[in-house]
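Commentary on secondary and tertiary structure
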Amino acid sequence: MNQKETQTASGGVARIGEYRDELHAENLDDIQVGEYGYKYRTIEGVMLPPYVTPDRYAVSRSVETRPNDVCYCSFPKSGSTWLSNVLYLILHNGEVPEGKTLRSCLHWMESSWPYPRSREEVGALPSPRIFKSHMPYRMALAGGPEQSPCKYIYIARNPKDVCVSYFHFESGKAWSGGYSGPWEHWLKLFMEGRVQRGDWFEHVLSWWGHRDAGNLLFLKYEDMKRDFDGQLRRIASYLGYDLSEEVIDRIKSATSFSRMKTEQFSNHREIPQLEGFFRKGEIGSWKDQFTVAQSEAFDRLYRERMAGTGLDFEFE
Ligand code: A3P
């Protein structure tokens, strides 16, 4: 193992080589290390997790999709795992499969988790296939809604909850970003758009700008929380599925926060690094983290960046 040592901007030393096996990535030479050991790779100007390699990104862009495939996309920590379970169950009559994990049923082409998927492997699979992506619009899987026939679904969540959820997700983990800084530093990075997957505002607005494309459905986490049945019907109808009341009830029950946290299919226990993934699952948990001054500064930024976009979020 190559124990290359890299001086971080904050003066610490990160042993990138120790990382290689976990990332399933051969070439780590282009990994950058920011303050508090935060590791990332830049592709097309966007900060990405080290497990997104140029090769995997190229595969994700060139994969061929079919009209009844689904690709769900989001900025990290926006409820995408919840959505993926809903999608899987819509496509499978609300039946949770035995002996499988949710992640193994999804194709995350830009990533290595749970293992790198090849173009050939997914090309040989029958549709409907479910693809996952955390890319901004211009870097979307298969070229995005304008170039690919599959059905895209983007889910967005209010950025204060995203920022807090992302902080807990990244903090103290020996994988992915390996970030070890304090909350106020993370908040600064987030507000400046210097976290993995880039600037939250740019990411969300890049998809929002294409919401009228026939093969893009734009969802909000808060709507899923407040009116799950309504959003479930909306997603199913978009995908061309007519769900019975019985199936709706099954999906609602199987995708509740408490069930997802405990069920073997969805709880992510097969990946030890995802311990604590199901943290709170609420609207407004940012209030436990932001100070009043931080909240006011964030609100100013939010108003400035969202003005005139027609998009707004519930924060509590
Ligand atoms: P919190 O950290 O605020 O709890 P993603 O899957 O895009 O990474 O998003 C993760 C966030 O979605 C976490 O938020 C997680 O707890 C929440 N989440 C996961 N499953 C959920 C569910 N069934 N209902 C509501 N929230 C859920």
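See the structure shown above.
Below is a short write-up of the structure. Treat the numbers as computed from the prediction; the structure is a model and nothing was measured.

It is worth spelling out the site of the ligand at this point. Around the ligand, the structure places 18 residues, and the nearest of them are Ser80, Thr81, Ser165, Lys280 and Gly281. Here an oxygen atom of the ligand and a side-chain polar atom of Thr81 are 2.6 Å apart. Relative to its free-state accessible area of 570 Å², the ligand is covered by the protein chains to the extent of 98%. Put simply, the parts of the chain that give the shell around the ligand at least two residues each are α3 (80-91) and α11 (257-262). Ranked by the residues each element gives to the shell around the ligand, the list is headed by α3, at three residues. Here the shell around the ligand is built from residues that sort into six nonpolar, eight polar and four charged.

Okay, the packing of helix α6 (residues 183-191) against helix α12 (residues 292-306) next. Put simply, α6 and α12 touch, their axes get as near as 12 Å, and they point 5° apart. As the angle between them shows, α6 and α12 are arranged roughly parallel. Contact with α6, carried on its side by Trp183, Glu184, Leu187, Phe190 and Met191, involves Gln294, Ala297, Phe298 and Leu301 of α12 and no other residues of that element. Per-class residue counts for the contact of α6 with α12 are seven nonpolar, one polar and one charged.

With that out of the way, let us pick up the sheet that holds strand β7 (residues 130-133). Pairing in this open sheet of four strands is parallel, and the strands run β7-β6-β8-β9 from one edge to the other. At either end of the open sheet lies a strand with only one pairing partner, and these are β7 and β9 (216-220). The mean inter-strand angle of the sheet, taken between neighbouring strand axes irrespective of direction, is 20°. Pairing geometry for strand β6 (residues 70-74) and strand β8 (residues 151-156), over five bridges, is parallel.

Glancing now at the pairing of β8. Counting buried positions over the six residues of β8 gives five, a clear majority of the element. As judged from the five bridges shared by β8 and β9, these two strands associate in the parallel manner. The residue of β9 that forms the bridge with Tyr152 is Leu216.

The next point concerns helix α5 (residues 159-170). Look at α5: 16 Å from first C-alpha to last across 12 residues, which is about the 16 Å you get at 1.5 Å a residue. Of all the positions in α5, only Pro159, Lys160, Asp161, Val162, Cys163, Val164, Ser165, Tyr166, Phe167, Phe169 and Glu170 are classed as buried. Backbone nitrogen of Lys160 and a side-chain oxygen of the N-cap are separated by 3.1 Å at the start of α5; the cap is Asn158.

We now examine helix α7 (residues 200-208). Regarding α7, the residues found buried are Trp200, Phe201, His203, Val204, Trp207 and Trp208. Axial view of α7: buried residues confined to an arc of 165°, hence all on one face. Each element contacted by the buried residues of α7 is listed here: β6, β8, α5, α6, β9 and α12. Put simply, Asp199 is the residue that caps the front of α7, since its side-chain oxygen is 3.1 Å from the backbone nitrogen of Phe201.

Turning to the side chain of Arg157, a few remarks are in order. Positionally, Arg157 belongs in the loop between β8 and α5. Buried Arg157, no salt bridge; nearest opposite-charge side chain is Asp161, N-O distance 4.5 Å. There is a polar contact of 3.1 Å between the side chain of Arg157 and the backbone oxygen of Lys77. Here the side chain of Arg157 touches Glu282 through a polar contact of 3.0 Å, landing on its backbone oxygen. Apart from the residues lying within four places of it in its own chain, the contact partners of Arg157 are Lys77, Ser78, Val162, Ser165, Trp200, Tyr221, Glu222, Glu282 and Phe313.

What counts and how
Residues numbered from 1 in each chain as written. Predicted model: local features only at pLDDT ≥ 70, side-chain atom pairs only at ≥ 80, totals over all residues. Heavy atoms only, no water. Near = heavy atom within 4 Å. Polar contact = N/O pair within 3.5 Å; in protein donor to acceptor, adjacent residues only side chain to side chain. Areas by Shrake-Rupley, 256 points an atom, 1.4 Å probe, with all protein chains shown as cover. Helix = DSSP H or I, 4+ residues; strand = E, 2+ residues; numbered from the N terminus. Nonpolar A, V, L, I, M, F, W, Y, C, P; charged D, E, K, R; others polar. Axes fitted to C-alpha atoms, helices over the stretch in contact; angles between N-to-C directions. Parallel < 35°, antiparallel > 145°, perpendicular 65-115°, else oblique. Contact = heavy atoms within 4.5 Å. Pairing = 2+ DSSP bridges. Buried < 20%, exposed > 50% of the residue type's maximum accessible area, 1.4 Å probe, protein only. Expected span 1.5 Å × (residues − 1). Arc of directions from axis to C-beta. Lys, Arg positive; Asp, Glu negative; His and termini not counted. Salt bridge = Lys/Arg side-chain N within 4 Å of Asp/Glu carboxyl O.

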